[in-house]
Amino acid sequence: MKGLLVLSTIFFLAINTLYFWEGNLGSWLIPLTLFLLILYIVLIIALFNQIRLSVMEKFVVKSRLLVIVFLTFVLVSTAIRPFGIIDFKKFERDNLLVAQREGVANCTVTLKLKDNMTFVQRNICFGITDTKGKYHLKNDTIYFDNMEPGRHETIFYEFAIVTRPRPVKPEKYTHLTLYKNATDTSGLELVITKNELHKIKLKIQN
């Protein structure tokens, strides 16, 4: 029973700390997710077996009852909150700009600029890769600094340019194009879903 407690504890911790390490897994996310799913099924089978044994023992073995209670908690909480009991995203800094692009096979690129002048770009395509760093503004251009490329990423975009819609409306943009360097003529175009960068500009002016 000790082994079952250890296994269920590891599973519980893995699920509830997913927020902190999923972005570093890259293509390993899929096999690890499959492993956790299999482990979840194994724990369900183990729970029913422990209940069966406890019935045969007429519920007199307290250690087995403890295992049953803990296993039930782990399995039920995972079923209700598969990404962890605590929603750590609620503690993130506010997003001033969010831009996204969806490609083939439901692959997505999402860039978030935070109010503390940091950014996170998440690539989801048969895995999850996070690239983090800082940024600064110069007119309508966003420059990326101190990049920390995620797994399987070797380079990142040096800057991005926001594009005004027509007719022009102050502080509202529709697209964000990322460029690897000054000679990059194609870039990667994202659709802006939120833009409050004017808050940074007002703060700088004050």
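Criteria and thresholds
Residues numbered from 1 in each chain as written. Predicted model: local features only at pLDDT ≥ 70, side-chain atom pairs only at ≥ 80, totals over all residues. Heavy atoms only, no water. Core = buried A, V, L, I, M, F, W, Y, C linked by side-chain atoms within 4.5 Å. Buried < 20%, exposed > 50% of the residue type's maximum accessible area, 1.4 Å probe, protein only. Helix = DSSP H or I, 4+ residues; strand = E, 2+ residues; numbered from the N terminus. Contact = heavy atoms within 4.5 Å. Polar contact = N/O pair within 3.5 Å; in protein donor to acceptor, adjacent residues only side chain to side chain. Pairing = 2+ DSSP bridges. Axes fitted to C-alpha atoms, helices over the stretch in contact; angles between N-to-C directions. Parallel < 35°, antiparallel > 145°, perpendicular 65-115°, else oblique. Left-handed = near helix turned anticlockwise from the far one by under 90°. Nonpolar A, V, L, I, M, F, W, Y, C, P; charged D, E, K, R; others polar. Disulfide = S-S within 2.5 Å. pLDDT = per-residue confidence, 0-100.

Colleague: How do you make sense of the nonpolar core when you look at a structure like this?
Modeller: Soluble, globular proteins show a tendency: their nonpolar side chains are buried together. Residues L113, Y135, I142, F144, L176 and L178 are the most contacted members of the largest nonpolar core, which totals 22 residues. If you list the elements that add at least two residues to this core, you get β1 (95–102), β2 (108–114), β4 (128–138), β5 (141–148), β6 (159–163), β7 (175–179) and β8 (188–195). Those residues in contact with F144, other than ones at most four positions away along the chain, are L111, L113, F119, K134, Y135, F156, Y157, E158, F159, A160 and L178. F12, I15, L39 and I68 belong to the second-largest nonpolar core, a separate cluster that totals 16 residues.

Colleague: Where do I start with the environment of E92 in this structure?
Modeller: Mapped onto the elements, E92 comes out in the loop between α4 (62–80) and β1. A polar contact is formed between the side chain of E92 and the side chain of Y19, at a distance of 2.8 Å.

Colleague: Help me understand the side chain of S77, please; the structure alone is not making it clear to me.
Modeller: Along the chain, the position of S77 falls in helix α4. Beyond its immediate sequence surroundings of up to four residues, S77 is in contact with F12 and I85.

Colleague: Would you mind showing me how to read the pairing of β4 here?
Modeller: Note on strand geometry: in a regular strand, side chains alternate between the two faces of the sheet. As paired elements, strand β3 (residues 118–124) and β4 share seven bridges and run antiparallel to each other. The partner of F119 across the bridge, within β4, is G133. Connecting the antiparallel pair β3 and β4 is a turn made up of three residues, with F126 showing a positive phi of about 55 degrees. Here six bridges tie β4 to β5, and the two strands are oriented antiparallel to one another. Note that in β5 the partner of L137 across the bridge is I142. Hairpin remark: β4 followed by β5, antiparallel, with two residues in the connecting loop; positive phi at N139, about 60 degrees.

Colleague: In this structure, what is going on with the packing of helix α1 (residues 2–16) against α4? I would like to understand it.
Modeller: Each pair of packed helices can be described by the angle between their axes along with the distance between the axes. Contact geometry for α1 and α4: axes closest at 10 Å, N-to-C directions at 25 degrees. It follows from the interaxial angle that α1 and α4 lie roughly parallel. Here α1 runs over α4; the crossing is left-handed. Of the residues in α4, those in contact with L4, L5, S8, T9, F11, F12 and I15 of α1 are V67, F70, L71, F73, V74, S77 and T78. The class makeup of the residues in the contact of α1 with α4 is ten nonpolar, four polar and no charged.

Colleague: Hey, could you run me through the state of the cysteines in this one?
Modeller: Linking two cysteines covalently via their sulfur atoms produces the bond known as a disulfide. The tally for this structure, following the rule as stated, stands at one disulfide. Through a disulfide, C107 is tied to C125; the S-S separation comes to 2.0 Å. Measuring handedness by torsion sign, the sulfur bridge of C107 and C125 sits at about 50 degrees and is right-handed. Linking C107 in the loop between β1 and β2 with C125 in the loop between β3 and β4, this pair joins segments that are 18 residues apart in sequence. Taking the relative accessible area as the measure of exposure, C125 reaches 39% and is therefore partly exposed.

Colleague: Looking at this structure, I do not really get the confidence of the model for the protein. What am I missing?
Modeller: When pLDDT is low, close inspection of the predicted coordinates is not appropriate. Mean pLDDT over the protein stands at 85; residues scoring 70 or higher make up 90%. Ranking the helices and strands of the protein by mean pLDDT puts α4 first, with 94, and helix α5 (residues 198–205) last, with 59.

Colleague: Where do I start with the sheet that holds β7 in this structure?
Modeller: Spatially, eight strands are ordered β1-β2-β3-β4-β5-β6-β7-β8 in a closed barrel, and the strand pairing comes out antiparallel. In this sheet, neighbouring strand axes are inclined to one another by 30 degrees on average, regardless of whether the strands run parallel or antiparallel. Pairing between β1 and β8: four bridges, direction antiparallel. In the strand pairing of β8, Q100 is matched with V191.

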